[in-house]
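Structural characterization, general
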Amino acid sequence: MAVETTDNEAEIATAMASVTVPTLVELVDNNSTSTTAHDGLKSAAEARIRLTAQEARLFQVIVETAEAFARGQISLPKDPDEKGDCDDNNKNVRSAASQEMNHHGNASSTHGPVTTTDAVAEIDSQPHPPPHQRCRRKRPTLRVAGGWVRDKLLGLTTHDVDMAVDSLTGVQFAQLVHEYAAATNQHDEITQGHRIGIIACNPEQSKHLETAALQVCGLDVDLANLRAQETYHEDSRIPTVRLGTPLEDAERRDFTINALFYNLHTQSVEDWTQRSMNDLFHGKLVTPLEPIQTFFDDPLRVLRAIRFAVRFQFALDPKVESACRRSEIHQALRRKVSRERVGKELEGMLSGTCARPVEALLTIARLQLSNSVFTLPLLGVDNVTATEGHILGEVYNDNTATTTKDNNESEHSTTSVPQKPGWTEAQKLLRLLPAVVESHDKAVLAWKEKEQEQDQTQNIEGNSIPSLVVSSTVDRRLLPVAVFLLPFRTLRYQEKNKTDRSYPVAQYIFQYSIKFKQSDTKVMSLLQDQVDHMVSLLRSAAAATVTTNGPEIQSNADSSQVVHISRLEAGLLLRACKETWVSCLLLATVLLVREESGQSTSDDDDGGSVTDWMAMSNAVWTQIVALGLDECWKMKPLLDGKALIAALKIPKGPQVGQFLEEEMRWMLQYPSGTKQECEAHLKAFRDKSQ
């Protein structure tokens, strides 16, 4: 990408002056900020920025670097505009300064971020060439932009420091920071041996600016120039970008709450849109320009809108919400934005500070973005050769999905008819999840309290029976997504050269649509494959309990009500689910609660008993724990393969695996059984099989 610069003051001047918000800058302890939105923003007319000592030192270094460059004391490496005298001057100053400034690395970090400190003064004190040989330049202005300013104003902890420079590129200023560290002999403190990373621009994927990534004073910093509108020439798809003004940059950002700047030189917050502070204070998500233009500039912003709205509990502006629903924006999201970026944005909705996964997924569905985020397999894409199954009883195959191409030959899909009721059902299932999780949490808490009481009683009586320990817990990050994908769990796809087996569509979504890590893909595939087996276990428990104890299970998981489950059936299921079994149990509970709620409101409801599936689920969890089945997948066989071959006198081969499987089944049924008893059972099993 070409970058043009201009010295025309008329172009540099903005058509609209910024609103400089009165700013109180405080130095605080590193851990003193809160995690509650709106805690730090008391007024739209006054800003409070609380800097840690590390941030104050970082800003001090940045300002000193800009001042040193303006004075001609440091220069860009291999700068074509610099003459030999400037290069020689830079070398002389660096050499002299390095000899005298070893002590500066111990300078106090409690100075304000814009004070011209002893570092620059010491450089000035060194011998310089006559003024006519000095290279004096316009001082770059550095501003912290985006999320850092927003979170600081809200009183939230933030670690991402994105800076914008007005008269240089981000890479150039990053090089100057390294030059300044060398000139003042502060490499150990400032750069700490880290190199500059360069994140290249990629306009086709809506990445418009080259960005320098570096570490300064122990903090990660991203540096880029102020951005203006790109210009495309007829004979090229590569845009030309000139260095922008603060107003232009603010207008090119996604939302007004992210368009605020913190000017390091004036120590003030700048509101160039003249509404950003007001929107932040009143909790509104608004785009600086028309939403359609903003979203076409980078379609990923529709997902960022959801993440910010849910995280901060902000309201989407009606125009923003309307634009988020438009099909052409959805197509642009699928066509222009890499799936890695989509997955990263989704991850921000599932985890992190103030994450609300259920609300985020419901918002994705409400804005009709489900199929643009969780894209299903398409014939011929990602080596897919077939997709078969049903969605809510309606047959789904490759003929029900379409593939279209735009002028850039990028493929994208449109939502097929069977998918629409699937996403509608996904919302209904997802709305049930919070109550199911809350009920489970209460049951677990009650069980722990009971265990503690028993431990205290045993200690008083002098008993030393160890209490049960449960290590498997709910995956609160992935469970909402698993619920959301339940209507599609019977869909399976095949890949080229792997036609002998099929895979759950959830695996495709995680591997290709959102590019989550492999461990997440395995968890999701397990949950979707095993949830119907867990439903069967719950149904069996309910049937057995109705037969022996009556139809009701108390919601408080009363210990007097014990469900009857097959130890073998439960153990085999847990060995298949492994650490995900609790999440799978809640997933199955959501399905049954949804099924029960649909039946209870149907026209042919006979008014019969309704199973309290949440209470049943809690009782099953308690029984599984009481039976000591948690982590049964880690159980080691009493006789390993070698011992089996010797004891049963069988040859090596697949037959050994069959006996090992039978051994595990026996051990699940008889947890106190001995090695000799197990061997006797296996011999009887061998004789019966022959």
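In this section: the overall build of the chain. What the chain contains, in helices and strands, is 26 helices and 20 strands. The burial tally for the chain puts 49% of its 690 residues in the buried class. Of the contacts made within the chain by residues no fewer than 6 positions apart, 73% connect residues no fewer than 24 positions apart. Taken as a whole, the chain presents about 32300 Å² of accessible surface, with 48% of it coming from carbon and sulfur.

Let us now look at the packing of helix α21 (residues 567-577) against helix α25 (residues 654-669). Here α21 crosses α25 at 125 degrees, and the two axes come no closer than 8 Å. Taken together, the axis directions place α21 and α25 in an arrangement best described as oblique. Seen from above, α21 lies across α25 with right-handed handedness. In contact with Arg567, Leu568, Gly571, Leu572 and Arg575 of α21, α25 contributes Met664, Arg665, Leu668 and Gln669. For the contact of α21 with α25, a count of residues per class yields 4 nonpolar, 2 polar and 3 charged.

Glancing now at the pairing of strand β5 (residues 142-145). On β5, burial covers both faces: Leu142 and Val144 on one face and Arg143 and Ala145 on the other are all buried. Where β5 meets strand β6 (residues 161-165), 4 bridges bridge the pair, whose relative direction is antiparallel. Bridge pairing in β6 links Leu142 to Val165. Here β5 runs beside strand β11 (residues 261-263); their pairing, made up of 3 bridges, is antiparallel. Residue pairing for β11: Ala145 is matched across the bridge by Phe261.

Moving on to helix α6 (residues 170-183). Given a rise of 1.5 Å per residue, 14 residues ought to cover 20 Å, and the 20 Å separating the end C-alpha atoms of α6 matches this to within 8%. Within α6, 12 of the 14 residues are buried, leaving the element largely enclosed by the surrounding structure. Every buried residue of α6 is listed here: Gly170, Val171, Phe173, Ala174, Leu176, Val177, His178, Glu179, Tyr180, Ala181, Ala182 and Ala183. One or two positions beyond α6, positive phi appears at Asn185, with a value near 55 degrees.

What follows concerns the packing of aromatic side chains. Counting across every chain of the model gives 18 aromatic pairs. Ring centres 6.4 Å apart and planes at 65 degrees place the aromatic pair Phe255 and Phe295 in the edge-to-face group. Within this pair, whereas Phe255 is found in the loop between α8 (246-251) and β11, its partner Phe295 is found in helix α10 (residues 291-297), the two being separated by 40 residues in sequence. Phe295 shares its class with Phe255; the two are buried. For the pair Tyr508 and Tyr512, a centre-to-centre distance of 5.0 Å together with 40 degrees between the ring planes defines the contact as tilted. In this pair, Tyr508 and Tyr512 are both assigned in helix α19 (residues 505-513), 4 residues apart and thus about one turn of the helix distant. One aromatic cluster is present, built from ring pairs that chain together Phe255, Phe295, Phe308, Phe312 and Phe314.

Another point: the pattern of salt bridges. A complete count under the given rule lists 31 salt bridges for this structure. The salt bridge involving Lys498 is made with Glu495; its shortest N-O contact spans 3.6 Å. With relative accessibility at 38%, the residue Lys498 sits in the partly exposed group. As a salt-bridge pair, Lys683 and Glu679 come within 3.2 Å of each other at their nearest N and O atoms. With Lys683 and Glu679 both in helix α26 (residues 675-689) and 4 residues apart, this pair spans about one turn of that helix. Under the relative-accessibility criterion, Lys683 is labelled partly exposed at 31%. Residues joined in a network through salt bridges with shared partners are Arg227, Arg252, Asp297 and Arg301.

Bringing the sheet that holds strand β2 (residues 19-21) into the picture now. Across the sheet, 8 strands lie side by side as β2-β12-β11-β5-β6-β9-β8-β7; this open sheet has mixed pairing. Each end of this open sheet is capped by a strand with a single partner; those strands are β2 and β7 (197-199). Sheet twist, expressed as the average angle between the axes of neighbouring strands with direction ignored, equals 35 degrees. Sheet topology places β6 next to strand β9 (residues 219-225); 5 bridges connect them, and they run parallel. The residue bridging Val165 from the neighbouring strand is Asn225, located in β9.

A positive phi angle, close to 55 degrees, is found at Cys217, a residue other than glycine. Along the chain, the position of Cys217 falls in the loop between β8 (211-216) and β9. Even without being a glycine, Gln274 presents a positive backbone phi close to 65 degrees. Classification of Gln274 as partly exposed rests on a relative accessible area of 43%.

A word on the sheet that holds strand β20 (residues 503-504). Taken in spatial order, the 4 strands make up an open sheet running β16-β15-β19-β20, and their pairing is antiparallel. The open sheet has two edge strands, β16 (394-396) and β20, and neither has a second partner. Here strand β15 (residues 384-391) runs beside strand β19 (residues 492-495); their pairing, made up of 4 bridges, is antiparallel. Residue pairing across strands places Val384 opposite Glu495, the latter belonging to β19.

This part covers the confidence of the model for the chain. Chain-level pLDDT for the chain is 81 on average; 74% of the residues reach the 70-or-more range. Taken as a whole, residues 80-133 scores under 50 in pLDDT and shows 88 contacts with residues more than four places along the chain or in a different chain. Residue range residues 600-608 is modelled with pLDDT below 50. Its contacts to residues more than four positions away, or to other chains, number 2 contacts.

To describe two helices that pack against each other, one gives the angle between their axes and the distance between the axes. Interaxial distance between α25 and α26 falls to 10 Å at its minimum, and their mutual angle equals 130 degrees. Judged by the angle between their axes, α25 and α26 are oblique. Along this stretch, α25 crosses α26, giving a crossing that reads as right-handed. Facing Phe659, Glu662, Glu663 and Trp666 of α25, the residues of α26 in contact are Glu677, Cys678, His681, Leu682, Phe685 and Arg686. Of the residues belonging to the contact of α25 with α26, the class tally is 5 nonpolar, 1 polar and 4 charged.

Now for the environment of Glu388. Within the secondary structure layout, Glu388 lies in strand β15. For Glu388, a relative accessible area of 55% gives the class exposed. Along the backbone, Glu388 and Ser502 are 114 residues apart, and their C-alpha atoms lie at a distance of 9.5 Å. If near-sequence neighbours (up to four positions away) are discounted, Glu388 is found in contact with Tyr396, Thr490, Leu491 and Arg492.

It is worth spelling out the environment of Val25 at this point. As for its placement among the helices and strands, Val25 is situated in strand β3 (residues 23-28). Residue classification places Val25 among the partly exposed positions, given a relative accessible area of 27%. When the C-alpha positions of Val25 and Ser268 are compared, they lie 8.3 Å apart, and in sequence the two are 243 residues distant. Other than its neighbours up to four places away in sequence, Val25 contacts Ile49, Leu51, Tyr262 and Gln267.

Definitions and limits used
Residues numbered from 1 in each chain as written. Predicted model: local features only at pLDDT ≥ 70, side-chain atom pairs only at ≥ 80, totals over all residues. Heavy atoms only, no water. Helix = DSSP H or I, 4+ residues; strand = E, 2+ residues; numbered from the N terminus. Buried < 20%, exposed > 50% of the residue type's maximum accessible area, 1.4 Å probe, protein only. Contact = heavy atoms within 4.5 Å. Areas by Shrake-Rupley, 256 points an atom, 1.4 Å probe, with all protein chains shown as cover. Axes fitted to C-alpha atoms, helices over the stretch in contact; angles between N-to-C directions. Parallel < 35°, antiparallel > 145°, perpendicular 65-115°, else oblique. Left-handed = near helix turned anticlockwise from the far one by under 90°. Nonpolar A, V, L, I, M, F, W, Y, C, P; charged D, E, K, R; others polar. Pairing = 2+ DSSP bridges. Expected span 1.5 Å × (residues − 1). Phe/Tyr/Trp six-rings, centres within 6.5 Å; stacked < 30°, edge-to-face > 60°. Salt bridge = Lys/Arg side-chain N within 4 Å of Asp/Glu carboxyl O. pLDDT = per-residue confidence, 0-100.

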